[in-house]
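# Examining the three-dimensional arrangement
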Amino acid sequence: MRKMLNTLYVTTQGAYLNKEGETVVVNIDGESRVRLPIHTLSSIVCFGRVSCSPFLIGHCAENDVSVSFMTAYGRFLARVVGPVKGNVLLRREQYRRADDLRAAGQLARMFVMGKVANCRTVLGRALRDHHDKVDSAKMERIVSLFSHVARNLLRTEDLDDIRGTEGRAANDYFGLFNDLIVAQKDGFVFAGRSRRPPLDPINCLLSFIYTLLHHDVRSALETVGLDPAVGFLHRDRPGRLSLALDLMEEFRPLADRLVLSLINLGQVRKSGFKTTESGAVLMDDSTRKTVLIEYQKRKQVEVEHPFLKEKMPMGMLPFSQAQLLSRYLRDDIEEYPPYLWR
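Considering only enclosed or pocket space, the largest pocket measures out at about 1,400 Å³ in volume. Residue lining of the largest pocket: 43 residues in total, with Arg195, Arg196, Tyr210, Thr211 and Leu245 positioned closest to the centre. Of all the secondary-structure elements, those providing two or more residues to the lining of the largest pocket are helix 3 (101-129), helix 5 (159-175), helix 6 (201-223), helix 7 (242-248), helix 8 (252-264) and strand 11 (281-283). Per-element accounting of the lining of the largest pocket gives the leading share, eight residues, to helix 6. Class assignment of the residues belonging to the lining of the largest pocket gives a composition of 22 nonpolar, eight polar and 13 charged.

Right, here's the structure in full:
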C-alpha cells in the first residue's frame, strides 16, 4: 500500500481501514501501518480483500473522498461517493445536448479527434526514438493518414460517421502496436485487442491502466458537476458511464504509452503474469504494485496544457478537460478543445 499524489491504493490482502479523528488508518494483521489526514486525499482505491469501517466511509463521503473497490486483479466493483454536487442547470444542459444528435456529434468529433491526434503522437515518438527497430515506412504512412483523419473529423457532425472513423483509426493504430514493442519481444506479443478477459500480458496491462484512468476521469467529471453516465459519443446504456468513456478517449494513447514504457524499459516481466484455466491473463501482486507506482509517477510529470497555456501535473489533465467541457456546455467557449499531447 502506498500514498501517491492524492490517491491511496491499498493492495495488501486482509487490510482494514478505519477512521480515527480526521485520519484514515490502514491496519494490517491488527497493527496500524499507515495514518493519513483525510484532507490530503481525494480518493481511496481498494483491491481485493480490503475492508473499510462504516464510519470511515461516511467520513470520506462528507469530505469529498471517493472510495472505490476493485477485484484483486483490477476489475471495478463499486464506488462510494458523497451527495451529487454542482449546478443542476449544467446537468440539464448536458442532457439536452446529449438528446440532440447534431449537438452530440459536435462534441463526439472532438473527443475522437483528440484520440486520433494523440495516437499519432505515440506513433511519431516511436519513429523518433526507435526508427531502426520499427517498420518506418508503414508507420509514417499511418502517421500521415491520422493527420488527415483528425482534420476531416471537423467537417462532420454525424455520429455514425464519427464512430466509423474512430473504429478504422483504432484498427490501424493497434495493427501497429506490436511493432512498438522493441524489447522483451519473446514475452510480450500483441495480436489484437482482447478485453473481457484480457488474453495476453499486453492486454492485461492495457485493461488495468484503462481502469485506473476511468476512475480518475469519472472523479473529474463529478467534481465539476457533470453526470458521468450521460455521454455524447457513447450513448446511454444501463451500468455504463458513457461521458467518462467519452472523455477517456483522448487520454487512452497516454495510457498506451505507459504500457509501452513498462515493457520496453523492463519494468514488468513476462514472469509477472499468469494464465488461468479460462484463458484470462492476470498480473501478480508485485507487477500490479509496479504498475500503480509508475502510473502515479506519470501523473506527477509536469506538462503545459496547449489550450490553457498553463503548466500542470499530468494527473490534473482530466480535471482541466472536465472544466473545459463544462465551460463549453455553458457557452463560455465556442468549441470544446481536446487535450492534444505534444
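Having seen the model, we can carry on.
With that settled, the discussion passes to the pattern of salt bridges. For the coordinates displayed, the defined rule picks out 16 salt bridges. Overlapping salt bridges, with partners in common, bring together Glu93, Arg96, Arg97 and Asp331 in one network.

A separate point is the pairing of strand 5 (residues 31-37). Two elements, strand 4 (residues 23-28) and strand 5, share six bridges in a ladder whose sense is antiparallel. Counterpart to Thr23 in the pairing with strand 5 is Pro37. Count of turn residues in the strand 4/strand 5 antiparallel hairpin: two residues, of which Asp29 carries a positive phi of about 55 degrees.

In total, this model carries two cavities of 30 Å³ or more according to the counting rule given. Approximately 210 Å³ is the volume found for the largest cavity. Leu213, Leu254, Tyr295, Lys299 and Met314 are, among the 13 residues lining the largest cavity, the residues nearest its centre. Going through the elements one at a time, helix 6, helix 8 and helix 9 (285-300) are the ones with two or more residues in the lining of the largest cavity. Class assignment for the residues of the lining of the largest cavity results in nine nonpolar, one polar and three charged. Roughly 40 Å³ of volume is contained in the second largest cavity. When residues of the lining of the second largest cavity are traced back to their parent elements, those giving at least two are helix 3 and helix 5. Class assignment for the residues of the lining of the second largest cavity results in six nonpolar, no polar and two charged.

On to the environment of Gly105, then. Mapped onto the fold, Gly105 is located in helix 3. Sequence-wise, Gly105 and Tyr95 are 10 residues apart; in three dimensions their C-alpha atoms are separated by 14 Å. Those residues in contact with Gly105, other than ones at most four positions away along the chain, are Glu157, Leu159 and Ile162.

Moving on, we get to the nonpolar core. Grouped together as the largest cluster of nonpolar side chains are 90 residues, with contacts concentrated most on Leu123, Phe177, Ile202, Leu205, Leu221, Leu325 and Tyr336. Discounting chain neighbours no more than four positions away, the residues touching Ile202 are Phe177, Ile181, Phe188, Val189, Phe190, Val259 and Ile263. By size, the runner-up hydrophobic cluster in this structure holds 19 residues, among which are Leu36, Val50, Cys60 and Val67.

Parameters at a glance
Residues numbered from 1 in each chain as written. Predicted model: local features only at pLDDT ≥ 70, side-chain atom pairs only at ≥ 80, totals over all residues. Heavy atoms only, no water. 1 Å grid on protein atoms, 1.4 Å probe; cavity = no way out; pocket = protein on both sides within 12 Å on 5 of 7 lines; lining within 4 Å. Points joined across faces, edges and corners; volume = space filled by probe spheres on them. Helix = DSSP H or I, 4+ residues; strand = E, 2+ residues; numbered from the N terminus. Nonpolar A, V, L, I, M, F, W, Y, C, P; charged D, E, K, R; others polar. Salt bridge = Lys/Arg side-chain N within 4 Å of Asp/Glu carboxyl O. Pairing = 2+ DSSP bridges. Contact = heavy atoms within 4.5 Å. Core = buried A, V, L, I, M, F, W, Y, C linked by side-chain atoms within 4.5 Å. Buried < 20%, exposed > 50% of the residue type's maximum accessible area, 1.4 Å probe, protein only.

Everything listed here is a matter of coordinates, which is why it stays silent on function.
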